[in-house]
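Descriptive analysis of the structure
If you want the building blocks of each chain, they are given just below.
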Amino acid sequence: MSAPAKPKIFVFCNSCSPGWHSMVAIAEDGEVLAGHVCSDHGYANHDMGLTPDGWKRDKYAAHYPDGFEVVGVQDPTLGVNADFDAALDAHAARLQSDAKAGVKP
Ligand SMILES: [Zn+2]
């Protein structure tokens, strides 16, 4: 019997411009856990915790104390990665329910 899959945290670039890459980490349940601007995608591996000794992993651990898997999404286009799309859907659903409850983003 294999261990249950750990929840995923997706790291992707939300805005690509020369020298300005707005990296975002979103949990599979739709909660945005961290953001960071990198001058190059290569820095995201460390700065967004894709490597085990990287930054932000304390925030990830606070959200998923029993463990997690950090997934680097190379192409955030909808339809490329179904798990990532599901996280975005969950995020949109959260925004809608927050809006109904009167919570300001
Ligand atoms: Zn980028």
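Data block above holds the structure.
So, here's what we can say about the structure.

Cut-off values and rules
- Residues numbered from 1 in each chain as written.
- Predicted model: local features only at pLDDT ≥ 70, side-chain atom pairs only at ≥ 80, totals over all residues.
- Helix = DSSP H or I, 4+ residues; strand = E, 2+ residues; numbered from the N terminus.
- Rg over C-alpha atoms; globule rule 2.2 N^0.38 Å.
- Buried ≥ 20, exposed ≤ 12 C-beta atoms within 10 Å, placed from the backbone.
- Contact = placed C-beta atoms within 7 Å.
- Pairing = 2+ DSSP bridges.
- Axes fitted to C-alpha atoms, helices over the stretch in contact; angles between N-to-C directions.
- Core = buried A, V, L, I, M, F, W, Y, C linked by C-beta atoms within 7 Å.

1. What about the overall build of the chain?
Counting its regular elements, the chain contains three helices and four strands. Ordered by position from the N terminus, the helices and strands of the chain form the series β-β-β-α-α-β-α. Relative to the globule expectation of 13 Å for 105 residues, the C-alpha radius of gyration of the chain, 14 Å, shows essentially globular dimensions. By its C-alpha atoms, the chain is 45 × 40 × 30 Å across when sized along the principal axes. Buried positions account for 19% of the 105 residues belonging to the chain. Across the chain, every contact between residues at least 6 apart in sequence was considered, and the portion connecting residues at least 24 apart equals 42%.

2. Observations concerning the pairing of strand 1 (residues 8-17)
Pairing analysis gives four bridges linking strand 1 to strand 4 (residues 69-72), with the strands arranged parallel. Bridge pairing in strand 4 links Phe10 to Val71. Bridge count between strand 1 and strand 2 (residues 20-27): seven bridges; the pairing is antiparallel. When the sheet's bridge partners are listed, Ser17 is paired in strand 2 with Trp20. Hairpin connection of strand 1 to strand 2: two residues between the antiparallel strands, including Gly19 at a positive phi of 75 degrees.

3. Some remarks on the sheet that holds strand 4
One open sheet accounts for four strands, arranged 3-2-1-4; its pairing is mixed. Of all the strands in the sheet, just strand 3 (32-38) and strand 4 have a single pairing partner and so form its edges. Averaged over all adjacent pairs, the angle separating strand axes in this sheet is 20 degrees, with direction ignored.

4. Comments concerning the nonpolar core
The biggest cluster of nonpolar side chains holds 17 residues, and the ones touching the most others in it are Ile9, Phe10, Val11, Ala25, Ile26, Leu33 and Met48. At the level of secondary structure, the elements contributing two or more residues to this core comprise strand 1, strand 2, strand 3 and helix 3 (82-100). Per-element accounting of this core gives the leading share, five residues, to strand 1. The residues contacting Ala25, other than those within four sequence positions of it, are Ile9, Val11, Leu33, Ala34, Met48 and Lys56.

5. Regarding the pairing of strand 2
Judged from the six bridges that link them, strand 2 and strand 3 form a sheet pairing that is antiparallel. Bridge pairing in strand 3 places Ile26 opposite Val32. Adjacent in sequence and paired antiparallel, strand 2 and strand 3 are bridged by four residues, among which Gly30 carries a positive phi angle near 100 degrees.

6. Points about unusual backbone geometry
Located in the positive-phi region is Lys56, a residue other than glycine, with phi close to 75 degrees. By the element assignment, Lys56 lies in the loop between helix 1 (41-47) and helix 2 (57-63). C-beta crowding within 10 Å serves as the criterion here: with 21 such atoms nearby, Lys56 is assigned to the buried category.

Such coordinate-based values are descriptive only and should not be taken to indicate function.
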